[in-house]
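Below are the chains, spelled out letter by letter.
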Amino acid sequence: MPLKEGSKNVKVMAVLVPVLSIVAIIADWSMMPEFKVWEICGYSYTTTLVHLHVVLWYCTCCSVAACGRHLVHLLYQGTQNGRHVSNYCSLWQDLSRLSRKIGESFCYIYGLIIIIWFSTMTLSLYGGLTGILDHGCGLREFGLIVNATFCTFILFLICDAGEKLSDELGPKFLENLRSLNVVVNRDVKQELDVFRYDVAMTAPVINLGGYVSLNRNLLLNLMATMVSQMIILLQFRIGAKPDNVPQTVVFNETCKLICKEQ
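Scope of this entry: the structure provided in the associated data block. (Residues numbered from 1 in each chain as written. Predicted model: local features only at pLDDT ≥ 70, side-chain atom pairs only at ≥ 80, totals over all residues. Heavy atoms only, no water.)

**Re the overall build of the protein**
Along the protein, the regular secondary structure elements total nine helices and zero strands. Written out in order from the N terminus, the α and β elements of the protein read α-α-α-α-α-α-α-α-α. Relative to its full complement of 262 residues, the protein shows a buried share of 41%. Taking contacts inside the protein between residues at least 6 apart in sequence as the whole, the part at least 24 apart equals 84%. Within the structure as shown, the protein displays about 14,500 Å² of accessible surface, and the carbon and sulfur contribution to it stands at 65%. (Helix = DSSP H or I, 4+ residues; strand = E, 2+ residues; numbered from the N terminus. Buried < 20%, exposed > 50% of the residue type's maximum accessible area, 1.4 Å probe, protein only. Contact = heavy atoms within 4.5 Å. Areas by Shrake-Rupley, 256 points an atom, 1.4 Å probe, with all protein chains shown as cover.)

Dropping the structure here:
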């Protein structure tokens, strides 16, 4: 079952990644027509690589979470057949260690990816808002707002995958253990109680090398930081904009910076 679920996610992502990469490249090229051909080639490679890293994280977390759900069914069948609960407890501990190692091994890669997407989201929203305030909503402004929304969606995928993995091997797994209705002897019941206690006390938490935990709360913190930075940037722009500089200069420079960030 986990293999089938994982292969389904991979097939969906294999279609989405090329489509999203092409759409992102075309959208950025339409907003920045001064891009040269060799710059587009390098930008295409970078965009596709970042998207593939996001897919790798999402599929890995979903696969490990599916293994945790499947382990509950194996435990139910095993206890009915008289197998020892300690064997399944060892499997859960291996999954728990694996989930922690995922965050530790990908620490700096996904830390940098989160910073890039967060910076792109903030600058895109800032560029879109300043463009709307200066000369109304045009193609560039609409593209920047869509880009900010897309960056928010990517950050949500990364944080949501970590949240689901922690939840499947922690609270949900414990809930499934407590809801097992099996007729067992006293020794097996005692092993189940120890297993439940172990899950409750050592539930895995996905974090990037101990720097930050990957869950939905991280997304809320990023949104709060983005709003604070947006207010500061808009205040600086309103209070310190020189009169002799055209209003489109800041907007164009923001677009260039966003494309370099991506």
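What follows picks up the thread again.
**Regarding a nonpolar patch on the surface**
Together, Val12, Leu16 and Leu20 give the surface a local cluster of nonpolar side chains, amounting to about 220 Å² of exposed area. Along the chain, the position of Leu20 falls in helix 1 (residues 2-31). Among the residues examined, Leu20 registers a relative accessible area of 33% and is labelled partly exposed. (Patch = residues over 30% accessible without salt bridge, like charges linked within 9 Å, V, L, I, M, F, W, Y side chains within 5 Å. Salt bridge = Lys/Arg side-chain N within 4 Å of Asp/Glu carboxyl O.)

**Thoughts on the pattern of salt bridges**
Under the counting rule described, the total for this entry stands at seven salt bridges. Among the ionic pairs, Arg69 bridges to Glu168, the shortest N-O distance being 3.3 Å. With Arg69 in helix 2 (residues 37-80) and Glu168 in helix 5 (residues 139-169), this residue pair connects regions lying 99 residues apart in the sequence. Judged by relative accessible area, which is 27%, Arg69 ranks as partly exposed.

**A look at the nonpolar core**
Among soluble globular proteins, nonpolar side chains are generally buried collectively. One finds Trp57, Trp117 and Phe195 to be the most contacted residues of the largest nonpolar core, which totals 51 residues. Of all the elements in the fold, those that place two or more residues in this core are helix 2, helix 3 (85-105), helix 4 (107-135), helix 5, helix 6 (171-178), helix 7 (186-201) and helix 8 (216-240). Per element, the largest residue contribution to this core is eleven residues, and it comes from helix 2. Apart from residues no more than four positions distant in its own chain, Phe195 is found in contact with Leu75, Val85, Tyr88, Cys89, Trp92, Phe173 and Leu177. (Core = buried A, V, L, I, M, F, W, Y, C linked by side-chain atoms within 4.5 Å.)

**Here we look at the packing of helix 6 against helix 7**
It is the contact of helix 6 with helix 7, at a shortest axis distance of 9 Å, that shows an interaxial angle of 165°. The orientation of helix 6 with respect to helix 7, classified from their angle, is roughly antiparallel. As helix 6 runs across helix 7, the sense of the crossing is left-handed. Between helix 6 and helix 7, the residues in contact are Phe173, Leu174, Leu177 and Arg178 and Phe195, Arg196, Val199 and Ala200, respectively. Along the lines of polarity and charge, the residues of the contact of helix 6 with helix 7 split into six nonpolar, no polar and two charged. (Axes fitted to C-alpha atoms, helices over the stretch in contact; angles between N-to-C directions. Parallel < 35°, antiparallel > 145°, perpendicular 65-115°, else oblique. Left-handed = near helix turned anticlockwise from the far one by under 90°. Nonpolar A, V, L, I, M, F, W, Y, C, P; charged D, E, K, R; others polar.)

**A closer look at the packing of helix 4 against helix 5**
Close contact between helix 4 and helix 5 brings their axes to 8 Å; oriented N to C, the two are set at 155°. One finds that helix 4 runs roughly antiparallel with respect to helix 5. Helix-helix and strand crossings are classified by hand; for helix 4 and helix 5 the assignment is left-handed. Here the contact of helix 4 with helix 5 is built from residues that sort into 15 nonpolar, eight polar and one charged.

**Remarks on helix 7**
Across its 16 residues, helix 7 extends 23 Å between first and last C-alpha, which sits within 8% of the 22 Å expected from 1.5 Å per residue. Of the positions making up helix 7, those classed as buried are Val188, Leu192, Phe195, Arg196, Asp198 and Val199. Down the axis of helix 7, the buried set is contained in an arc of 160°. They therefore lie on one face. Turned more than 90 degrees away from the buried face of helix 7, the exposed residues are Arg186, Asp187, Gln190, Val194, Tyr197 and Met201. (Expected span 1.5 Å × (residues − 1). Arc of directions from axis to C-beta.)

**With respect to the state of the cysteines**
One pass over the structure, following the stated rule, counts zero disulfides. No disulfide involves Cys61; its nearest neighbouring cysteine sulfur is the one of Cys62, lying 7.0 Å away. According to the relative accessible area criterion, Cys61 is buried, its value standing at 2%. (Disulfide = S-S within 2.5 Å.)

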